[in-house]
Amino acid sequence: MIHKYSLNGYKIVLDTNSGAVHLFDDAPFDILDYLADADVPEHPPETMMDALKNRYDEATLREAYGEIQELHRKGQLFSPDGYEKFAAMLKNAPIKSMCLNIAHDCNLRCEYCFAAQGDFGGERMLMPFEVAKSAIDFLIEKSVGRHNLEVDFFGGEPLMNFDVVKQTVAYARGLEKAYDKNFRFTITTNGLLLSDDKIDFINREMSNCILSFDGRKSVHDRLRTRVDGSGCYDSVLPKFQKLVAKRSRDKDYYVRGTFTKYNLDFTKDVEHLLDLGFNEISMEPVVSEERLDYSVKEEDLPRIFEEYDTLSDLIIKRSREGKGFDFYHFMIDLNQGPCAIRRLRGCSCGNEYVAVTPSGDIYPCHQFVGQEEWKMGSVLDGSLNLEMKDRFALANVYSKPECRNCWAKFYCSGGCNANNWQYEGDLHKPHAISCSLEKKRLECAIMIQAALADQG
């Protein structure tokens, strides 16, 4: 299976199964239209020669066809699918990462919040330390022989329960040596409650810090408001800048913005973030019910695709000027690519990754929280629904009919299970809009690497 497309003057061909990427001249690029998947005959097809004879002379066509044959022989074009045989072997794996919903409460009322503005559709509450302690114990037990473990402090707003965050980190660190574990902590914050002592703790203990910030003030303050309806841009910005300025180079961070129907020109928000001194950036499309005014709808896709092209041009321009930055959705590895398991099942939710609520309930991930049919157990009694865990373990690109023959399947790996369930009603049916956006981002990411490699 291949995918061919033209973008920014480059004629690009991706071989799905091998992951090989090629930049083609016109003749071989056009020849591909006359070749069936995995079928490269010894001699050039007469139908192809006849159809293209008015555009290219015979010698050019035969030379181009020879190049295609050579790539096919090397397994870099129309390569066979060697992964499906492993799909049925995917089983329950030890849990290695956990999202601790340390606060089902928030001091903002972001209109697009998937977590029902912090309470996940239930009671507003903070996680007691005893529940957090039990969650760490549960993770150590269920991780079995895994050495590296991840804990994400999430909400709501985690800083509303920061004393428990600190207690939890100290408790986990105190167990590392005894159980041969290494904890990697992450926190996501809206920044309102950041102070110097919190910044110092986060920069010391958190391997990654996600800063929720949407860009331009008019954009940020439109939907990210306080409880009283006022904006928070002016309060949050200097705190985020201080955190990043004091953060060491060996610790990650990124600014996570959200674009909605109101700011489909989100490249301007990326540029604004760059001007503010941030260079690790994510700009996520809002995923919500289409009936909502701010929702990204199918009718918006052409405009969003155009904006991704604009953003791609900005990345190329700044990189060539020595002012490069990282944009999360364009960061892909074309040299070795993801490991086999991640190619088949990119999301580890419900299998290697779980979320824990303030009351100790376990869900497949933070986006399933509050949906009782997806409750998997409790860290308080150590229960875990292994049948449900196995269901998620076996959710992969071959269990999803629409993914089996998709050229992008080994990069998105079947998409977000939570979005599939919430908006399509089926774990195994990819969310249509998210799927379209992922394909476009992948095309842009490949093109950017081609452009930066081509300095001519």
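Please read these numbers as outputs of a predicted model, since none were measured by experiment.

1. Topic: helix 10 (residues 267-275)
By the burial criterion, the buried members of helix 10 are Thr 267, Asp 269, Val 270, Leu 273 and Leu 274. The buried residues of helix 10 occupy one face: seen down the axis, they fall within an arc of 160 degrees. Against helix 8 (217-223), strand 10 (252-259), strand 11 (280-285), helix 11 (301-320) and strand 12 (326-327) lie the buried residues of helix 10. One or two positions beyond helix 10, positive phi appears at Gly 277, with a value near 105 degrees.

2. Things to note about the packing of helix 6 (residues 162-179) against helix 7 (residues 196-205)
The contact between helix 6 and helix 7 brings their axes to 12 Å, and the two run at 30 degrees. Accordingly, the angle class assigned to the pair helix 6 and helix 7 is roughly parallel. For the crossing formed where helix 6 meets helix 7, the hand is left-handed. Together, Phe 162, Val 165, Lys 166, Val 169 and Arg 173 of helix 6 and Lys 198, Phe 201, Ile 202 and Glu 205 of helix 7 make up the contact between the two elements. For the contact of helix 6 with helix 7, the residue count by class is five nonpolar, no polar and four charged.

3. Notes on the sheet that holds strand 1 (residues 2-7)
Spatial ordering of the open sheet is given by 1-2-3, a layout of three strands whose pairing is antiparallel. Each having just a single partner strand, strand 1 and strand 3 (21-23) make up the two edges of the open sheet. Taken pair by pair, the neighbouring strands of this sheet meet at an average axis angle of 20 degrees, ignoring direction. The sheet contact formed by strand 1 and strand 2 (residues 10-15) spans six bridges and is antiparallel. Bridge pairing links His 3 to Leu 14 in strand 2.

4. Remarks on the sheet that holds strand 10
Strand order in the open sheet formed by 11 strands is 12-11-10-9-8-7-4-13-14-15-16, with mixed pairing between adjacent strands. If you trace the sheet from one side to the other, it starts and ends with strand 12 and strand 16 (383-384), each paired once. Here strand 14 (residues 361-363) pairs with strand 15 (residues 377-378) via two bridges, running antiparallel. Note on strand 15: the bridge partner recorded for Asp 361 is Ser 378.

5. Description of the nonpolar core
Note on soluble globular proteins: their nonpolar side chains tend to be buried together. Counting residues in each nonpolar core, the largest one holds 114 residues, and the members touching the most others are Phe 153 and Phe 327. Ranked by residues supplied to this core, first place goes to helix 17 (residues 432-453) with nine residues. Each residue touching Phe 327, except ones within four places of it in the same chain, is listed here: Val 270, Ile 281, Ser 282, Met 283, Tyr 308, Leu 311 and Ile 315. The next biggest cluster of nonpolar side chains, apart from the first, holds 20 residues, and it includes Ile 2, Val 40, Leu 52 and Leu 77.

6. Some details on the pairing of strand 11
Every other side chain in a regular strand lies on the same face of the sheet, so the side chains alternate between the two faces. Of all six residues making up strand 11, five are buried, and the element is well covered by its neighbours. Looking at chain direction, strand 10 and strand 11 are connected through five bridges and run parallel. Note on strand 11: the bridge partner recorded for Gly 257 is Met 283. A crossover connection joins strand 10 to the parallel strand 11 through helix 10; in handedness this β-α-β unit is right-handed. The pairing of strand 11 with strand 12 spans two bridges and is classified as parallel. If you follow Ile 281 over to strand 12, its bridge partner there is Phe 327.

7. As for the packing of helix 10 against helix 11
Their axes nearest at 9 Å, the elements helix 10 and helix 11 cross at an angle of 30 degrees. As the angle between them shows, helix 10 and helix 11 are arranged roughly parallel. For the pair helix 10 and helix 11, contact is made by Thr 267, Lys 268, Val 270, Glu 271 and Leu 274 and by Glu 307, Thr 310, Leu 311, Leu 314 and Arg 318, respectively. Per-class residue counts for the contact of helix 10 with helix 11 are four nonpolar, two polar and four charged.

8. Focus on the environment of Tyr 411
Its place among the elements puts Tyr 411 in helix 15 (residues 409-412). We classify Tyr 411 as buried; its relative accessible area is 18%. When the C-alpha atoms of Tyr 411 and Ile 332 are compared, they prove to be 8.4 Å apart, with 79 residues separating the residues in sequence. The residues touching Tyr 411, leaving out its near neighbours within four places in the chain, are Leu 14, Gly 19, Ile 332, Leu 334, Glu 438 and Leu 442.

9. Examining the side chain of Lys 440
Within the secondary structure, Lys 440 is located in helix 17. Judged by its relative accessible area of 9%, Lys 440 is buried. Excluding anything up to four places from it in sequence, Lys 440 contacts Leu 7, Phe 305, Tyr 308 and Asp 309.

10. Brief notes about the packing of aromatic side chains
Scanning the model with the defined rule gives 17 aromatic pairs in all. Residues Phe 153 and Phe 185 carry aromatic rings whose centres are separated by 5.8 Å and whose planes lie at 20 degrees to one another, so their mutual orientation is stacked. Residue Phe 153 is found in strand 7 (residues 148-154), and its partner Phe 185 is found in strand 8 (residues 182-189); the two are separated by 32 residues along the sequence. An identical accessibility class is assigned to Phe 153 and Phe 185; each is buried.

11. A closer look at the environment of Phe 327
Topologically, Phe 327 is positioned in strand 12. A residue is classified by how much of its surface remains accessible, and Phe 327, at 2% relative accessible area, is buried. As for Phe 327 and Asn 279, which are separated by 48 residues in sequence, their C-alpha atoms are 8.2 Å apart.

12. Looking at helix 13 (residues 386-393)
The set of residues buried in helix 13 consists of Met 388, Lys 389, Phe 392 and Ala 393. For helix 13, the angular spread of the buried residues around the axis is 145 degrees, confining them to a single face. On its buried side, helix 13 packs onto strand 16 and helix 16 (417-424).

Definitions and limits used
Residues numbered from 1 in each chain as written. Predicted model: local features only at pLDDT ≥ 70, side-chain atom pairs only at ≥ 80, totals over all residues. Heavy atoms only, no water. Buried < 20%, exposed > 50% of the residue type's maximum accessible area, 1.4 Å probe, protein only. Helix = DSSP H or I, 4+ residues; strand = E, 2+ residues; numbered from the N terminus. Arc of directions from axis to C-beta. Contact = heavy atoms within 4.5 Å. Axes fitted to C-alpha atoms, helices over the stretch in contact; angles between N-to-C directions. Parallel < 35°, antiparallel > 145°, perpendicular 65-115°, else oblique. Left-handed = near helix turned anticlockwise from the far one by under 90°. Nonpolar A, V, L, I, M, F, W, Y, C, P; charged D, E, K, R; others polar. Pairing = 2+ DSSP bridges. Core = buried A, V, L, I, M, F, W, Y, C linked by side-chain atoms within 4.5 Å. Right-handed = clockwise from strand over helix to strand, strands pointing away. Phe/Tyr/Trp six-rings, centres within 6.5 Å; stacked < 30°, edge-to-face > 60°.

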